[in-house]
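The primary structure of each chain is shown beneath.
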Amino acid sequence: MSSSDIFIGETIGTAILILLGGGVVAAVVLKGSKARNAGWLAITFGWGFAVLTAVYTSAPLSGAHLNPAVTLGIAIKDGDWSNVPVYWAGQLLGAMIGAALVWIAYYGQFGAHLTDKEIVGGPGAQATKAKAVEAQEKGAGPVLGVFSTGPEIRVTWQNLATEIIGTVVLVLAVLTQGLNDSGKGLGTLGALITALVVVSIGLSLGGPTGYAINPARDLGPRIVHALLPLPNKGGSDWAYAWIPVAGPLIGGAIAAGIYNVAFA
């Protein structure tokens, strides 16, 4: 795989991942969406199908890492760091493109949601459960969850540990059964297995933090949230932003260490 193939493949694949993954969150939470209030199951399966689609699309070009933690784990496992910056650059750019496409696809819904007084407050607004939750998420605006993750309860060590644990499961699954025979990326069966692993992580471990388990998936869309001209969008919660970056990278490194000790 050439550097250009890797960059293009990771950009396209991660853009699809965030378009479909962020899109299902937008569908469930935004006012004026036909899927509003579809719930956590819709979100977790939506993200799983997003992984499946993105992997199938990008695997022929780049091996479909789509996640800096996966790239890090594979680099530690194989001892080859030469293409890590190219993978990471494509993943971050793709995540930003995907987030921007979610905004375009749900442009009217973002407008309706962010001008609703019960959601954003203002004269005559009534207190709602949604407002109470968002008030608890200090620094997070009312639509940040469409773009990035945030904890339900802010306990720094627990939030970090949750991201680490979830990413260990993901990367270990990729390293042990998600690679094709040549070791260059996800094979056909590996794509399905990895998608189901992501669903499992979301159902089992997603409750505390929203399971970023992918630094690019969280950081790229958070940057887009900060830049987009959304009315009443609130803050991008940069005080929390380091956790869904550091946690997955630590988890990816731990998973590679486990693999090298137990499976290599």
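Note that this is a predicted model, so its numbers are computed, not measured.

Parameters and conventions
- Residues numbered from 1 in each chain as written.
- Predicted model: local features only at pLDDT ≥ 70, side-chain atom pairs only at ≥ 80, totals over all residues.
- Heavy atoms only, no water.
- Helix = DSSP H or I, 4+ residues; strand = E, 2+ residues; numbered from the N terminus.
- Buried < 20%, exposed > 50% of the residue type's maximum accessible area, 1.4 Å probe, protein only.
- Polar contact = N/O pair within 3.5 Å; in protein donor to acceptor, adjacent residues only side chain to side chain.
- Contact = heavy atoms within 4.5 Å.
- Salt bridge = Lys/Arg side-chain N within 4 Å of Asp/Glu carboxyl O.
- Expected span 1.5 Å × (residues − 1).
- Bend = angle between axes of the 7 residues up to and from the residue.

**Student:** Describe the side chain of D218, naming the residues involved and giving the relevant values.
**Tutor:** Within the secondary structure, D218 is located in helix 11 (residues 215–227). Given a relative accessible area of 0%, D218 falls into the buried group. Within the structure, D218 has its side chain in polar contact with the side chain of T149 (distance 2.6 Å). Here the side chain of D218 touches R222 through a polar contact of 2.6 Å, side chain to side chain. Once residues lying within four places of it in the same chain are set aside, the contact partners of D218 are S148, T149, A212 and P244.

**Student:** Can you explain unusual backbone geometry? Please cite residues and give values.
**Tutor:** With phi around 45°, I213 is a residue other than glycine that occupies positive phi space. Structurally, I213 is set in the loop between helix 10 (188–205) and helix 11. Within the chain, D237 stands out as a residue other than glycine whose phi angle is a positive 55°.

**Student:** Requested: an account of the pattern of salt bridges, with residues and values cited.
**Tutor:** Throughout the structure, instances matching the rule amount to four salt bridges. Among the salt bridges present, the one from K31 reaches D116, with a minimum N-O distance of 3.3 Å. Note that K31 is positioned in the loop between helix 1 (3–29) and helix 2 (40–62) and D116 in the loop between helix 5 (107–113) and helix 6 (117–120), a separation of 85 residues in sequence. A salt bridge links D218 to R222; the nearest nitrogen and oxygen atoms lie 2.6 Å apart. Separated by four residues within a single helix, D218 and R222 lie in helix 11, roughly one turn from each other. Take D218 and R222: they sit in the same class, and that class is buried.

**Student:** Kindly report on helix 2, identifying the contributing residues and their values.
**Tutor:** Its 23 residues place the ends of helix 2 31 Å apart at the C-alpha level, agreeing with the 33 Å of an ideal helix rising 1.5 Å per residue. Along helix 2, the helix axis deviates most sharply at Y56, where the bend reaches about 35°; the proline P60 sits within four residues downstream. Three or more residues of helix 2 are buried, namely I43, T44, G46, W47, G48, A50, V51, L52, A54, V55, S58 and S62. Looking one or two places after helix 2, you find G63, whose phi comes out positive at around 85°.

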